[in-house]
2 protein chains.
Amino acid sequence: MTDGIKKKAFSKNITQKKQIIKSDSMEIDPWDSKEVKNYTKLMQEFGIEDFKPVVEKIPEPHYLMRRGIIFGHRDYQRILDCIKNKKRFVMMTGLMPSGKFHLGHKTIADQIIYYQKIGAKIYLCVADVEAYNMRMASLEKLRETAIEEYLINYIALGLKRRGCDFYFQSERSGKAKKSNAYYRLATIVSRAVTFNEMRAIYGELSPGKIISVMMQVSDILHPQLKEFEKPIPTLVPVGIDQDPHLRLTRDIAARFQKTFRFIPPSSTYTRFMRGLKGGKMSSSDPSSYIALTDNPEEAAKKIMSALTGGKGNIKEQREYGGVPEFCTVFDVWKFHADDDKLVNRIYNECRSGERICGDCKKECAEFLKRFLKEHQRKRKKARKIYRKFLE
Amino acid sequence: MTDGIKKKAFSKNITQKKQIIKSDSMEIDPWDSKEVKNYTKLMQEFGIEDFKPVVEKIPEPHYLMRRGIIFGHRDYQRILDCIKNKKRFVMMTGLMPSGKFHLGHKTIADQIIYYQKIGAKIYLCVADVEAYNMRMASLEKLRETAIEEYLINYIALGLKRRGCDFYFQSERSGKAKKSNAYYRLATIVSRAVTFNEMRAIYGELSPGKIISVMMQVSDILHPQLKEFEKPIPTLVPVGIDQDPHLRLTRDIAARFQKTFRFIPPSSTYTRFMRGLKGGKMSSSDPSSYIALTDNPEEAAKKIMSALTGGKGNIKEQREYGGVPEFCTVFDVWKFHADDDKLVNRIYNECRSGERICGDCKKECAEFLKRFLKEHQRKRKKARKIYRKFLE
């Protein structure tokens, strides 16, 4: 936390448009605290801990941490210990190769690159078997999407080959010995899970779903096999909706404690960036997101018509100020501008009425245009080297 | 079929001890034909065809074929065409590495070696993942059993390295590209199967069972992948109890027709050799079987106390003759003596009362002692070369 930026500005969790619109007041705390309370309850119920007390202990926390976008964790102490004492650890995450890579995905990519920089070994899994089984796409198309939309964007954002194990579920790269160990794990963990246990987590089951879940478990745990890193602290950044899966994986890890000496994987929980029209950012609605391959001018237009937290007219805005917590444009700033001072200034200017939505949108559109142009230039370079990641 | 050996002698399917004991008559046809009729009905219901008409068309049929021990098939025409026209085909089978390798297992081994000799490429799968998931053994122990009890016996019986792909489900040997293709198939076929379909075949399901079934499907179909042999006629010899699995695999093959151009696997159905005390040959009861590693003298003792189809005393035996169809000692002759003349003579001598059980047992014990001594000598040589099969 630097430069006295208000933590509060980053710790809101406002997703329900109607309620805020009803209250035409700048005082949003009562509503907000209720939401936070609900969230806290959910976290307590499942044993997810607040990330805030941890942030201060991290030597150089990412702005996603400082701003409360990463808001919860399990067993992060173990990872913190590795960071502080320069011990080896793994950061593992998966990608579902469907649709365009957008600003929502970038938040996870930023974390991958952050952890790689501070020394974590990255395991990056393309969940193509899961996508194939559950979404009926062809493996060829999934592979193409994984490379074009994900891998190339990761590289352009700063992912390095060294210290990164990028692989497909359908084709574990590396030596046969490693590949076998990965698949073997996916097949043998199934012995330790009951049907009812899976149904409680995943609802209606199908053979394809069961196979996909078992592969996910192997994705998270296999870096700890002797053929890979041996037992090692592993961090998995997820959304809160994926926590049941994390719990199952941790349970399975414990059941194979004797066989593999797995260390239960740690996890962090990241807030979702909302869509530009409020609500969910949806791959099936291009106006709800900005893809990293969007034409910069088109992206600017999307910003200009995004849902804000502003008042009905300039007069009211000047008088009462806006509600940045509710603004999807402010989300772009908060999730993607790395300058705390800038984000803090925007927040205060908005709340005080000093900043008008139109101006703010233009500024954000310019910010995004610069970012996208630069990023798309980097994508061209990335395309020249991505094959190294597939070796 | 040579030397006028009575086909009838080899086409019986008598497994129910009590019924035959009640009828103290040599006339067993009424009972037998009822059994055969039931069998035929079962075969018709599931579309399994009689193997008898095929046998005559096979250039050099194995005695297991000539004697009706292999009694049914699906799509054998395709294999016959390959045999006759020297076209490539695959013979695929799996082994469950549990307990001792006994005379019952030898019947499948004999078929493997027969097909290898006449030119088939052999795929030999150790179903260790299935054993691990369903029988709670350790993979290390399973591997040891697979090598010591199965592979070494196969080699001693005549299996050659050339033209044989011996592999473990848990660790597909060969290049990573092949290994990946095998596991990928196991994971993606699950998309084409519903839960209810599997439940109808396998009853109560568990995640471990589902994974095991999907791997079995991949075991049977993967030789046809482009990374292996490309689409190719494949023969799978099974027991009738495994037919539902064969049907599922053939259905799945058809569902992936467009993707992989699979040729539906052909199958043959082999009768089970009964245990030495009648009933099932059981791995958990060493007195019910003769293991190929049994001390020859011990094996001889087992034969001396085996259940026969003889009468209560020598007088009755001389007068009415015995019932070889019901005799477990005759089973040893029928399943394992390759000399048709000998087996035919034993059958006729028994039925006519010329042969007495005590003499027959002694002769059989001697036959087995010779076989086991010779086999165990070959096992020593096999132990020196088995590693080549694991490369």
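Criteria and cut-off values
- Residues numbered from 1 in each chain as written.
- Chains lettered and ligands numbered in written order.
- Predicted model: local features only at pLDDT ≥ 70, side-chain atom pairs only at ≥ 80, totals over all residues.
- Heavy atoms only, no water.
- Helix = DSSP H or I, 4+ residues; strand = E, 2+ residues; numbered from the N terminus.
- Least-squares fit on C-alpha atoms with pLDDT ≥ 70 in both.
- Contact = heavy atoms within 4.5 Å.
- Pairing = 2+ DSSP bridges.
- Axes fitted to C-alpha atoms, helices over the stretch in contact; angles between N-to-C directions.
- Buried area = accessible area lost by both parts, 1.4 Å probe.
- Salt bridge = Lys/Arg side-chain N within 4 Å of Asp/Glu carboxyl O.
- Phe/Tyr/Trp six-rings, centres within 6.5 Å; stacked < 30°, edge-to-face > 60°.
- Buried < 20%, exposed > 50% of the residue type's maximum accessible area, 1.4 Å probe, protein only.
- Lys NZ or Arg CZ within 6 Å of the ring centre and 35° of its normal.
- pLDDT = per-residue confidence, 0-100.
- Parallel < 35°, antiparallel > 145°, perpendicular 65-115°, else oblique.
- Left-handed = near helix turned anticlockwise from the far one by under 90°.
- Nonpolar A, V, L, I, M, F, W, Y, C, P; charged D, E, K, R; others polar.
- Arc of directions from axis to C-beta.
- Polar contact = N/O pair within 3.5 Å; in protein donor to acceptor, adjacent residues only side chain to side chain.
- Patch = residues over 30% accessible without salt bridge, like charges linked within 9 Å, V, L, I, M, F, W, Y side chains within 5 Å.
- Areas by Shrake-Rupley, 256 points an atom, 1.4 Å probe, with all protein chains shown as cover.
- Lys, Arg positive; Asp, Glu negative; His and termini not counted.
- Charge placed at Lys NZ, Arg CZ, Asp CG, Glu CD.

Comments concerning unusual backbone geometry
Working step 1: Positive phi is not limited to glycine here, since Asp 75 of chain A has a value of about 50°.
Working step 2: By secondary structure assignment, the location of Asp 75 of chain A is in the loop between strand S2 (70-74) and helix H5 (76-84).

Some thoughts on the relation of the copies chain A and chain B
Working step 1: Here chain A sits on chain B after a turn of 180° about the axis and a move of 0.1 Å along it, with an RMSD of 0.1 Å. Viewed as a symmetry operation, the transformation between the two copies matches a two-fold axis. Across chain A, the smallest distance between a C-alpha and the rotation axis is recorded for Ala 176 of chain A, namely 2.2 Å.
Working step 2: Both copies present the same face, since 100% of the interface residues in chain A are matched by interface residues at the equivalent positions in chain B.

Some words on the sheet that holds strand S3 (residues 90-95) of chain A
Residues and elements named next belong to chain A.
Working step 1: Taken in spatial order, the 7 strands make up an open sheet running S1-S2-S7-S6-S3-S4-S5, and their pairing is mixed. Edge strands, defined here as strands with exactly one partner in the open sheet, are strand S1 (49-50) and strand S5 (164-168).
Working step 2: When S1 meets S2, the two strands line up antiparallel, connected through 2 bridges. Looking at the pairing, Asp 50 lines up with Gly 72 of S2.
Working step 3: Lying on the sheet, helix H8 (residues 139-157) is in contact with S3, strand S4 (121-126) and S5; it crosses S5 at an angle near 165°.

What to know about the interface of chain A and chain B
Working step 1: Counting residues at the interface gives 34 residues for chain A and 34 residues for chain B.
Working step 2: Between chain A and chain B, a total of about 2,800 Å² is buried, with carbon and sulfur atoms accounting for 65% of that surface.
Working step 3: The largest per-residue losses of area from chain A upon contact with chain B belong to Tyr 132, Arg 191 and Pro 207 of chain A, which jointly make up 24% of the total buried on that side.
Working step 4: Linking chain A to chain B there are 2 salt bridges.

Considerations on the side chain of Arg 355 of chain A
Working step 1: Turning to its location among the elements, Arg 355 of chain A is positioned in the loop between helix H17 (340-352) and helix H18 (357-385).
Working step 2: Setting aside its immediate chain neighbours within four residues, Arg 355 of chain A contacts Gln 317, Arg 318, Arg 345, Ile 346, Glu 349, Cys 350, Cys 360 and Glu 363 of chain A.

A look at the packing of aromatic side chains
Working step 1: Under the defined criterion, the tally for this structure stands at 30 aromatic pairs over all chains.
Working step 2: Ring centres 5.1 Å apart and planes at 65° place the aromatic pair Phe 195 of chain A and Phe 195 of chain B in the edge-to-face group. With Phe 195 of chain A in helix H10 (residues 195-202) and Phe 195 of chain B in helix H10 (residues 195-202), the pair connects residues from two separate chains. This pair shows no difference in class: Phe 195 of chain A is buried, exactly as Phe 195 of chain B is.
Working step 3: Among the aromatic side chains, those forming a connected cluster through ring pairs are Tyr 167, Tyr 182 and Tyr 183 of chain A together with Tyr 167, Tyr 182 and Tyr 183 of chain B.
Working step 4: Above the plane of the ring of Tyr 132 of chain B lies Arg 191 of chain A, whose end atom (NZ or CZ) is 3.8 Å from the centre.
Working step 5: Looking at Lys 106 of chain B, its charged tip hangs above the ring of Phe 371 of chain B, at a distance of 5.5 Å from the centre.

Some points on the sheet that holds strand S5 (residues 164-168) of chain B
Within a sheet, each strand pairs with its neighbour through backbone hydrogen bonds, oriented either parallel or antiparallel.
Residues and elements named next belong to chain B.
Working step 1: In space, the 7 strands of this open sheet follow the order S1-S2-S7-S6-S3-S4-S5, with mixed pairing throughout. The outermost strands of the open sheet, each flanked by one partner alone, are strand S1 (49-50) and S5.
Working step 2: With 4 bridges joining them, strand S6 (residues 234-238) and strand S7 (residues 266-270) adopt parallel strand pairing. Bridged to Val 238 within S7 is Tyr 269.
Working step 3: Helix-sheet contacts for helix H6 (residues 103-117) involve strand S2 (70-74), strand S3 (90-95), strand S4 (121-126), S5, S6 and S7, and the interaxial angle to S3 is about 155°.

Concerning the confidence of the model for chain A
All names here are of chain A.
Working step 1: Per-residue confidence for chain A averages 88 on the pLDDT scale, and 90% of its residues sit at or above 70.
Working step 2: Note that pLDDT drops below 50 for residues 1-36; the model gives that stretch 59 contacts with residues more than four away or on any other chain.
Working step 3: At the level of chain-chain contacts, confidence expressed as ipTM amounts to 0.81, with global pTM at 0.85.

Description of the packing of helix H14 (residues 296-304) of chain B against helix H18 (residues 357-385) of chain B
Residues and elements named next belong to chain B.
Working step 1: Between H14 and H18, whose axes approach to 8 Å, the crossing angle comes to 155°. By the angle class used here, H14 and H18 are roughly antiparallel. H14 and H18 meet at a crossing whose hand is right-handed. Where H14 approaches H18, its residues Pro 296, Glu 297, Ala 299, Ala 300, Ile 303 and Met 304 are matched on the opposing element by Gly 358, Lys 361, Lys 362, Cys 364, Ala 365, Leu 368, Lys 369, Leu 372, Lys 373 and Gln 376.
Working step 2: Each residue belonging to the contact of H14 with H18 can be placed in one class, and the counts come to 9 nonpolar, 2 polar and 5 charged.

Quick look at the pairing of strand S7 (residues 266-270) of chain A
Residues and elements named next belong to chain A.
Working step 1: Summarising burial for S7: 5 of the 5 residues are buried, a large majority.
Working step 2: The side-chain alternation of S7 yields two buried faces, one formed by Ser 266, Thr 268 and Thr 270 and the other by Ser 267 and Tyr 269.
Working step 3: As defined by bridge partners, S2 adjoins S7 across 4 bridges and the pair is classed as antiparallel. Each residue of the ladder has a partner; that of Arg 74, found in S7, is Ser 267.

A few points about H14 of chain B
All names here are of chain B.
Working step 1: Burial in H14 covers these residues: Pro 296, Ala 299, Ala 300, Lys 302 and Ile 303. The buried residues of H14 all sit within an arc of 155° when viewed along its axis, so they share a single face.
Working step 2: Contact partners of the buried residues in H14: helix H16 (328-336) and H18.
Working step 3: Capping the start of H14, Asn 295 holds a side-chain oxygen 2.7 Å from the backbone nitrogen of Glu 297, two or three residues further along.

Things to note about the side chain of Ser 266 of chain A
Working step 1: Relative to the helices and strands, Ser 266 of chain A is located in strand S7.
Working step 2: Apart from the residues within four sequence positions on either side, Ser 266 of chain A is in contact with Arg 74, Asp 75, Tyr 76, Arg 78, Ile 79, Thr 234, Leu 235 and Val 236 of chain A.

Some points on a positive patch on the surface
All names here are of chain A.
Working step 1: On the surface, Lys 117, Lys 160, Lys 378, Lys 381 and Lys 384 cluster together into a positively charged patch.
Working step 2: Sorting elements by how many residues they give to the positive patch places H18 first, with 3 residues.
Working step 3: The topology assignment puts Lys 378 in helix H18.
Working step 4: According to the relative accessible area criterion, Lys 378 is partly exposed, its value standing at 35%.

A short note on the environment of Cys 360 of chain B
All names here are of chain B.
Working step 1: Tracing the sequence through the fold places Cys 360 in helix H18.
Working step 2: In this structure Cys 360 comes out as buried when scored by relative accessible area, which is 9%.
Working step 3: It is 8.7 Å that separates the C-alpha atoms of Cys 360 and Phe 330, two residues lying 30 residues apart in sequence.
Working step 4: Not counting the four nearest positions on each side in its chain, Cys 360 is found in contact with Val 329, Trp 333, Ile 346 and Arg 355.

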